[in-house]
Amino acid sequence: MNRTLKSLALFLGGIALGVAAAGLFMLFHSSLTPQELEAWDKDGVVPGLVMQAGSIGFGVWFLYLVGWITRSQIRKQAGAGFGKIARSVAGNALMILLGLWFLWRMFIQHPEGVLINPTLFAQYIVDGIRLGFVYALISLGYTMVYGIVRLINFAHGDVFMVGSFTSFYAIKAMRLHLLPAKLFPSLSQWVAITIGTVLVIILSMLVCALLAITIERVAYKPLRNAPRIAALITAISVSFFLEYFSSLPEVFTSNYIIYEQPFKVVSWKILGVQISNVTIIIILVSILFLLLLRWIVYGTKTGKAMRATSWDKPTARLMGIDVDNVITKTFAIGAALAGAGGVLYAIAYPQLIVFMGIMPGLKAFVAAVLGGIGNLTGAFVGSLIMGQAEMLSAGYILTPMRDAIAFTILIIVLLIRPTGIFGEPEGEKA
Amino acid sequence: MLLEVENLHVYYGAIHALQGLTFHLEEGEIVTLIGANGAGKSTTLNTISGLLRPREGSIRFKGQELTRMRAHDIVRLGVVQVPEGRKIFATLTVSENLDMGAYTRTDPAEIARSRERVFASFPRLEERLNQLGGTLSGGEQQMLAMGRGLMSRPTLLLLDEPSMGLAPILVEEIFSIIQEINSQGTSILLVEQNANMALSIAHRGYVLETGRIVLEGTAQELRDNPQVKKAYLGEA
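In this text the structure is predicted, and so the values were computed from the model without any measurement.

Rules used in this analysis
- Residues numbered from 1 in each chain as written.
- Chains lettered and ligands numbered in written order.
- Predicted model: local features only at pLDDT ≥ 70, side-chain atom pairs only at ≥ 80, totals over all residues.
- Heavy atoms only, no water.
- Helix = DSSP H or I, 4+ residues; strand = E, 2+ residues; numbered from the N terminus.
- Contact = heavy atoms within 4.5 Å.
- Areas by Shrake-Rupley, 256 points an atom, 1.4 Å probe, with all protein chains shown as cover.
- Rg over C-alpha atoms; globule rule 2.2 N^0.38 Å.
- Buried < 20%, exposed > 50% of the residue type's maximum accessible area, 1.4 Å probe, protein only.
- Axes fitted to C-alpha atoms, helices over the stretch in contact; angles between N-to-C directions.
- Parallel < 35°, antiparallel > 145°, perpendicular 65-115°, else oblique.
- Left-handed = near helix turned anticlockwise from the far one by under 90°.
- Pairing = 2+ DSSP bridges.
- Core = buried A, V, L, I, M, F, W, Y, C linked by side-chain atoms within 4.5 Å.
- 1 Å grid on protein atoms, 1.4 Å probe; cavity = no way out; pocket = protein on both sides within 12 Å on 5 of 7 lines; lining within 4 Å.
- Points joined across faces, edges and corners; volume = space filled by probe spheres on them.
- Nonpolar A, V, L, I, M, F, W, Y, C, P; charged D, E, K, R; others polar.
- Buried area = accessible area lost by both parts, 1.4 Å probe.
- Salt bridge = Lys/Arg side-chain N within 4 Å of Asp/Glu carboxyl O.
- Expected span 1.5 Å × (residues − 1).
- pLDDT = per-residue confidence, 0-100.
- Phe/Tyr/Trp six-rings, centres within 6.5 Å; stacked < 30°, edge-to-face > 60°.
- Lys NZ or Arg CZ within 6 Å of the ring centre and 35° of its normal.

1. Regarding the overall build of chain A
Along its length, chain A carries 16 helices and 4 strands. Put simply, 74% of the contacts in chain A that link residues at least 6 apart link residues at least 24 apart. Just so you have it, chain A exposes about 20,300 Å², and 71% of that area is on carbon and sulfur atoms.

What follows is the structure, given as structure tokens:
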């Protein structure tokens, strides 16, 4: 698992570093006044040159990093242990340096730093919590599926997108959110719209669950005994398929569309911090689903069967557990959570496009790795951390950093502690 | 006849692991398959349990053909395996491991009664009920594995190397419990490298060599057979 994850991380991390480098350069560039810019770069060729130099340098760095990891792996296998130590020292030093720099930026250097504008800081925290809870709904699906079939289901982010689109059509075309009010006019408006919204969420969850079951049956089940990399590549293809198939005009659309929220968004100012009803609903609904999932996994027979299957499939079959059925259920539950996440995300950020699932999907994946992939608590904690990391780095470093930070975290976690925060070290499976 | 295996051929890729195995087991018997490493003992059990598919041959349990059934349906029929190496669900508690053993059953009162019976045989499991399976000692894990197997109230219990990696005292204890389980009406197919112990409790036995049965007879006959003595009992 680690090698696949690691090469993937290096690849994504490379892209992220490219984005980050470009972002930092743009930061520098935009900090110059027009006169300074004129004096410094008359013909405006420098940005292009820097970009080129940056990508070449980045390519060299990437090759070096690959070589480094390979070497340290070889050393580790030779039993020298030096590579591992060097890696962990370098990794820790890197992390501490990054952390210190970030704190300095956050508290001292930034013109709107924490000490100067604490309200803004609180605002970022609140927004980060909201984002984190949405990520939690997605990353639980990643982590459950990984736990049970050892597959990183890259199509998961696109299932999330389908959830958003389903709710869009449920609201815009079917007027499902108004159905209770129409059927029972005596209901108070508030109750009717709540039930209507719940109906929309449930419909999206059902559609996503059915979609995931189909995907699992068609694409993953035939590969159950194939090498894991084959399933991984299939997952990426399924992801592309969903994105581009959905962008056909006959299916969804390839354009951005504006989402119509099922209820009116109201926000309140509490001590200067904007908190909207969407934020509160997202937090409440997510916590509700998380508790429900915990109950399923730890309190029901199906959940126990899931955990048993995740530990040892052949033995689970010897207990009379229908392993295929358990796997299907796991996919369905994960996808239903992602579907709910999709609706909530669309309500919070009301603009849809078929590619909207990619970034949240990848970030939720990073959150699952950060928490320890396969671990439910880990996915939850990792998601909350990711929400904060994203909001704070967008706020205090630079907006493009919100994406780069995710993959930076992924690289650092995989270098220092590939099993994540809650993950057990590997090789203890007795 | 409770279990009837006829002309069983199993392959791992190109390797011909079972080469025409034929044996049977009567109701109420303890039958043991003995043989060296790689003789095909575990393969036989896994084929009966439906984890492996034979290329040829038949396995009939109470007259019903098992070879085309799925593993979990075979468990429902009452053919239950306690796998080699215990295979405890390490991340589940002892109690949850037992619940998994009763996965195919639905009546909570009956399940509770089975639990009591398991605790009567293995009192140590009751003390460790909320501990994670992975934290048990080897002997306790074997007890849990057997208790978990019993939770499904099997008609036929397939035991794969129950003595593996256990101290001699524990081996004796486990074997006396196997006898006790048998006396309560469960038939047992016992696979063992420890031929001495296996033959001491079995009614009949088969000797396996590279996927074939080379000898069969009552336990007494096998114990007296000079070949068996030399190769499996460590006597000159």
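2. Some words on the overall build of chain B
Of regular secondary structure, chain B possesses 10 helices and 10 strands. For a compact globule of 236 residues, the expected C-alpha radius of gyration is about 18 Å, and chain B comes in at 17 Å, within 12% of that figure. Each of the three principal axes of chain B carries a C-alpha extent, and together these read 45 × 40 × 30 Å. Within chain B, buried positions represent 57% of all 236 residues. Contacts in chain B between residues at least 24 apart in sequence constitute 66% of all its contacts with a sequence separation of at least 6. Counting every atom, chain B has about 9,900 Å² of accessible surface; 48% of that belongs to carbon and sulfur.

3. Notes on the packing of helix α6 (residues 156-172) of chain A against helix α13 (residues 323-348) of chain A
Residue and element names in this part refer to chain A. Axis separation between α6 and α13 bottoms out at 7 Å; the angle between their running directions is 55°. When the axes of α6 and α13 are compared, the pair comes out oblique. With respect to the hand of their crossing, α6 and α13 are arranged in right-handed fashion. Contacts between α6 and α13 involve His156, Val159, Phe160, Gly163, Ser164 and Ser167 from the first element and Gly334, Ala335, Ala338, Gly339, Gly341, Gly342, Val343, Tyr345 and Ala346 from the second.

4. Considerations on the sheet that holds strand β3 (residues 30-35) of chain B
All names here are of chain B. Ordered by their spatial adjacency, 6 strands build an open sheet running β6-β7-β8-β3-β9-β10, and the pairing between neighbours is mixed. Looking at which strands have only one partner, the edges of the open sheet turn out to be β6 (79-82) and β10 (212-218). Strand-to-strand twist across the sheet, computed as the mean angle between neighbouring axes with direction ignored, equals 15°. Judged from the 4 bridges that link them, β6 and strand β7 (residues 156-160) form a sheet pairing that is parallel. Note on β7: the bridge partner recorded for Val82 is Leu159. Strands in contact with helix α7 (residues 168-183) are β3, β7 and β8 (187-192); relative to β8, the strand with the most contacts, it is inclined by about 155°.

5. Concerning the nonpolar core
Most often, soluble globular proteins have nonpolar side chains that are buried together. One finds Tyr220 and Ile321 of chain A together with Met100 of chain B to be the most contacted residues of the largest nonpolar core, which totals 118 residues. The biggest single contributor to this core is α13 of chain A, with 17 residues. In contact with Tyr220 of chain A, not counting residues within four places along its chain, are Leu151, Asn153, Ala155, Ile215, Ala231, Thr234, Ala235, Val238 and Phe331 of chain A. Membership of the second largest hydrophobic core comes to 46 residues, among which are Ile30, Val75, Leu125 and Leu215 of chain B.

6. Looking at empty space enclosed by the protein
Residues and elements named next belong to chain A. A full pass over the atoms with the stated rule returns 1 cavity of 30 Å³ or more. The volume enclosed by the largest cavity comes to roughly 30 Å³. What lines the largest cavity is Val145, Asn153, His156, Val159, Ala212, Phe331 and Ala335. Within the residue set of the lining of the largest cavity, elements represented by two or more residues are α6 and α13. In the lining of the largest cavity, the residues fall into 5 nonpolar, 2 polar and no charged.

7. Examining the interface of chain A and chain B
The interface of chain A with chain B comprises 17 residues on the first partner and 25 residues on the second. Together, Trp311, Leu318 and Met319 of chain A form the three largest contributors to the area buried by chain A at its contact with chain B, with a combined 34%. Viewed at the interface, chain B and chain A are joined by 3 salt bridges. Ionic pairing is found between Arg70 of chain B and Asp322 of chain A, a salt bridge with its closest N-O pair at 3.8 Å. Listed by contribution, the elements that provide at least two residues to the side of chain A that touches chain B are α11 (301-311) and α12 (313-318) of chain A. Ranked by the residues each element gives to the side of chain A that touches chain B, the list is headed by α11 of chain A, at 6 residues. Split by residue class, the side of chain A that touches chain B holds 9 nonpolar, 2 polar and 6 charged.

8. Focus: α6 of chain A
For an α-helix, 3.6 residues make a turn, and residues three or four places apart therefore share a direction. Here α6 of chain A spans 24 Å end to end across 17 residues, near enough to the 24 Å set by a 1.5 Å rise per residue. Buried residues dominate α6 of chain A, accounting for 15 of its 17 residues.

9. Notes on the pattern of salt bridges
Residues and elements named next belong to chain A. Scanning all chains against the criterion turns up 21 salt bridges over all chains. Across the pair Glu260 and Lys172 runs a salt bridge whose closest N-O atoms are separated by 3.9 Å. Placement of Glu260 in the loop between β1 (257-258) and β2 (267-270) and of Lys172 in helix α6 is noted, with a sequence separation of 88 residues between them. Accessibility expressed as a relative area gives 25% for Glu260, which makes it partly exposed.

10. Examining the confidence of the model for chain A
Scored by pLDDT, chain A has a mean of 82; 80% of the residues are at 70 or more. Mean pLDDT across the secondary structure elements of chain A bottoms out at helix α3 (residues 46-78) of chain A, with 58, and peaks at α13 of chain A, with 94.

11. Some details on the side chain of Ser163 of chain B
Structurally, Ser163 of chain B is set in the loop between β7 and α7. Ignoring anything within four residues of it in the chain, the contact list for Ser163 of chain B reads Val171, Phe175, Glu192 and Asn194 of chain B.

12. A look at the packing of aromatic side chains
Following the criterion strictly, the structure yields 15 aromatic pairs over all chains and no others. Relative to Phe245 of chain A, the ring of Phe241 of chain A lies with its centre 5.0 Å away and its plane at 15°, an arrangement referred to as stacked. You can see Phe241 of chain A and its partner Phe245 of chain A sitting in helix α9 (residues 228-246), 4 residues apart, about one turn around the helix. Among the residues examined, Phe241 of chain A registers a relative accessible area of 49% and is labelled partly exposed. A relative accessible area of 40% places Phe245 of chain A in the partly exposed class. When the ring of Phe23 of chain B is compared with that of Tyr206 of chain B, the centres are 5.5 Å apart and the planes differ by 55°; the resulting orientation is tilted. Of this pair, Phe23 of chain B sits in strand β2 (residues 15-25) while Tyr206 of chain B sits in strand β9 (residues 204-209), and the two are 183 residues apart along the sequence. An aromatic cluster is present here, built from Phe165, Phe168, Tyr169, Phe252 and Tyr259 of chain A joined pairwise through their rings. The cationic tip of Arg130 of chain A hangs over the ring face of Tyr349 of chain A; the distance from NZ or CZ to the ring centre is 5.2 Å. Here the basic side chain of Arg148 of chain B rests over the ring of Phe89 of chain B, its NZ or CZ set 4.9 Å away from the ring centre.

13. Regarding the sheet that holds strand β4 (residues 56-61) of chain B
All names here are of chain B. Strand order across the open sheet formed by 4 strands is β2-β1-β4-β5, with antiparallel pairing between neighbours. Only two strands of the sheet have a single partner each, and these edge strands are β2 and β5 (64-65). With 8 bridges joining them, strand β1 (residues 3-12) and β2 adopt antiparallel strand pairing. Bridging across to β2, Glu4 finds its partner in His24.

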